[in-house]
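Here's the letter readout for the chains.
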Amino acid sequence: MAYERAMPIVESRFRPAWWLPGPHLQTLGPVLARPTPRLEFDWERIELDDGDFIDLAWARPRAGRPDAPTLTILPGLGGNYLSKYARGLALDALARGWSAGILHFRGTSRETNRLAKTYHAGLTSDPRQVLEHVRRTRPSAPIGAVGLSLGGSVLLNLLAEDGAGSPITAAAAASVPLDLAACARRIQRGFSRVYDRHLARELTSRLMARRPLVEKRLGPVDPRRLTSVESFDELVTAPLHGFVDAADYYQRCSSGPRLGALKTPTIIVQALDDPFLVPEMIPSEPEIADAVTVEVATSGGHVGFVGGPFPGRADYWLERRLIDFLALHLEPPSGKKKPPSPKT
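In this report, the structure presented in the accompanying data block is examined. (Residues numbered from 1 in each chain as written. Predicted model: local features only at pLDDT ≥ 70, side-chain atom pairs only at ≥ 80, totals over all residues. Heavy atoms only, no water.)

**Here we look at the overall build of the protein chain**
Next up, step 1: On a plain count of helices and strands, the protein chain comes out with 10 helices and 11 strands.
Next up, step 2: A compact globule built from 344 residues would reach a C-alpha radius of gyration of about 20 Å, and the protein chain, at 19 Å, matches this within 12%.
Next up, step 3: Considering only C-alpha atoms, the protein chain reaches an extent of 60 × 45 × 40 Å along its principal axes.
Next up, step 4: Burial analysis of the protein chain (344 residues in total) assigns 57% to the buried set.
Next up, step 5: Pairs at least 24 apart in sequence give 77% of the contacts found in the protein chain among residues at least 6 apart. (Helix = DSSP H or I, 4+ residues; strand = E, 2+ residues; numbered from the N terminus. Rg over C-alpha atoms; globule rule 2.2 N^0.38 Å. Buried < 20%, exposed > 50% of the residue type's maximum accessible area, 1.4 Å probe, protein only. Contact = heavy atoms within 4.5 Å.)

Structure representation (structure tokens):
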């Protein structure tokens, strides 16, 4: 397949729907206009080493095989089982007979977490414990993982840290803020300020639900000062997790500089017009490990990538693309060995 040719950076075949032109319609269209994919979930709670918990919302086939692949979905900032893109990925996985679990980072599930600690781009210990649990409970099942936006940052950092020891068989990520500082600046410009304010409100709302826990650690928190993602990271994320400030957090937890350390077959899909990102963060070929392919589309927005001839036949291309890539490694053809990484 041309998608898997031996090159670290490839041009995407994605073409946006004519009725969703431009980065903002590609970004907002799937959020505002897409019907919510219908799914039934089985909930599983995983107890963490520090006394808190992570919830997984599982979508499982009715007659699943014990050796069928298992997919773990790491949503973007504030995402959870209600996120349409997470449900879409789970549905695509179900159609292949896989189980799919939507991971709920601390503060994003149906129940308030026990500790003040939340999550950030570099907090890899929580998903690592989840994946170790999946490996123990499904020892014969290949494990795939998908990370979107900030969830992609967490996933790439996890893969870089674990190297060849990762329990993940294959991984996929999209719309990843590979340079956190550049992204924080980007969403404070132009129309992207709408996204910045929305995310800041969402983060602040979740913080207020856990205010007593957080203020025991940080002292009084004034929500009026949390007007942007960067201000939230400066006043909450950084001090709550041991960083000097937002700049220190961004520098230490950006996943872009770590792409050379990945050993797991991985695809990263990015759009040049993403209103959260800047094209300059697309890595150069020497910075990318042999196991990694970066697929770059001219357009697609942020976790958008919607094609199709007209609204009633929208094609959520990104979900299909990521699942198709994972299937190459999680479901080798019968009687054949698992395919090599995309660049071998």
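**Here we look at unusual backbone geometry**
Next up, step 1: Of note, the phi angle at S175 is positive, near 50°, even though the residue is not glycine.
Next up, step 2: Its location among the elements puts S175 in the loop between β7 (170-174) and α5 (180-186).
Next up, step 3: One non-glycine residue, F305, adopts positive backbone phi at about 55°.
Next up, step 4: Along the chain, the position of F305 falls in the loop between β9 (292-297) and β10 (306-307).

**Quick notes on the packing of helix α6 (residues 192-209) against helix α8 (residues 229-240)**
Next up, step 1: Look at α6 against α8: their axes get within 8 Å of each other, and the N-to-C directions meet at 35°. Here D196, L199, A200, L203, T204 and L207 of α6 lie close against α8, whose contacting residues are V229, F232 and V236.
Next up, step 2: Of the residues assigned to the contact of α6 with α8, the class counts are seven nonpolar, one polar and one charged. (Axes fitted to C-alpha atoms, helices over the stretch in contact; angles between N-to-C directions. Nonpolar A, V, L, I, M, F, W, Y, C, P; charged D, E, K, R; others polar.)

**Brief notes about the packing of aromatic side chains**
Next up, step 1: Per the stated rule, a full pass over the model turns up 10 aromatic pairs.
Next up, step 2: Summarising the aromatic geometry, the rings of F14 and W317 are spaced 5.2 Å apart at their centres and angled 45° between planes, so their arrangement reads as tilted. Note that F14 is positioned in the loop between β1 (9-11) and α1 (22-32) and W317 in helix α10 (residues 317-330), a separation of 303 residues in sequence.
Next up, step 3: W317 sits in the buried class, given a relative accessible area of 8%.
Next up, step 4: In textbook terms, an aromatic cluster arises when at least three aromatic residues are bridged by ring pairs, as seen for F14, F305 and W317.
Next up, step 5: Sitting over the ring of Y316, R34 keeps its end group 3.7 Å from the ring centre.
Next up, step 6: Over the face of the ring belonging to W43 we find R110, whose NZ or CZ atom lies 3.7 Å from the ring centre. (Phe/Tyr/Trp six-rings, centres within 6.5 Å; stacked < 30°, edge-to-face > 60°. Lys NZ or Arg CZ within 6 Å of the ring centre and 35° of its normal.)

**Digging into the sheet that holds strand β6 (residues 143-148)**
Next up, step 1: Reading across the sheet, the nine strands line up as β1-β9-β8-β7-β6-β4-β5-β3-β2 and stay open at both edges, with mixed pairing between neighbours. The strands lining the two open edges of the sheet, one partner per strand, are β1 and β2 (42-47). For this sheet, the mean inter-axis angle between neighbouring strands, taken without regard to orientation, is 20°.
Next up, step 2: The sheet contact formed by strand β8 (residues 266-271) and β9 spans six bridges and is parallel. When the sheet's bridge partners are listed, I268 is paired in β9 with V294.
Next up, step 3: Of the strands in this sheet, β3 (53-59), β4 (70-74), β5 (99-104) and β6 are in contact with helix α2 (residues 84-95), which crosses β4 at around 170°.
Next up, step 4: Sitting on the sheet, α10 touches β4, β6, β7, β8 and β9, and the angle it makes with β7 is about 165°. (Pairing = 2+ DSSP bridges.)

**Some words on the nonpolar core**
Next up, step 1: Judged by nonpolar contacts, the single largest core of 54 residues is most densely connected at L156, I168 and Y249.
Next up, step 2: Residue contributions to this core peak at seven residues, all from helix α4 (residues 150-162).
Next up, step 3: Discounting chain neighbours no more than four positions away, the residues touching L156 are A173, V176, L178, S255, L259, L262, T266 and I268.
Next up, step 4: Counting residues in each nonpolar core, the second largest holds 35 residues, with L89, A93, I102 and W317 among its members. (Core = buried A, V, L, I, M, F, W, Y, C linked by side-chain atoms within 4.5 Å.)

**Notes on α1**
The periodicity of an α-helix, 3.6 residues per turn, causes residues three or four places apart in sequence to face the same way.
Next up, step 1: The complete set of buried residues in α1 reads Q26, T27, G29 and P30. The buried residues of α1 occupy an angular sector of 165° when the element is viewed end-on, so they sit on one face. Of the exposed residues in α1, the ones pointing more than 90 degrees away from its buried face are V31 and L32.
Next up, step 2: Looking at the buried side of α1, the elements it contacts are α2, α6, β10 and β11 (315-316). (Arc of directions from axis to C-beta.)

**Comments concerning the environment of G300**
Next up, step 1: Within the fold, G300 resides in the loop between β9 and β10.
Next up, step 2: For G300, a relative accessible area of 0% gives the class buried.
Next up, step 3: Considered as a pair, G300 and K216 are 84 residues apart in the sequence and their alpha carbons are 42 Å apart.
Next up, step 4: Dropping the residues within four chain positions of it, G300 is found in contact with F14, Q26, A271, D273 and F305.

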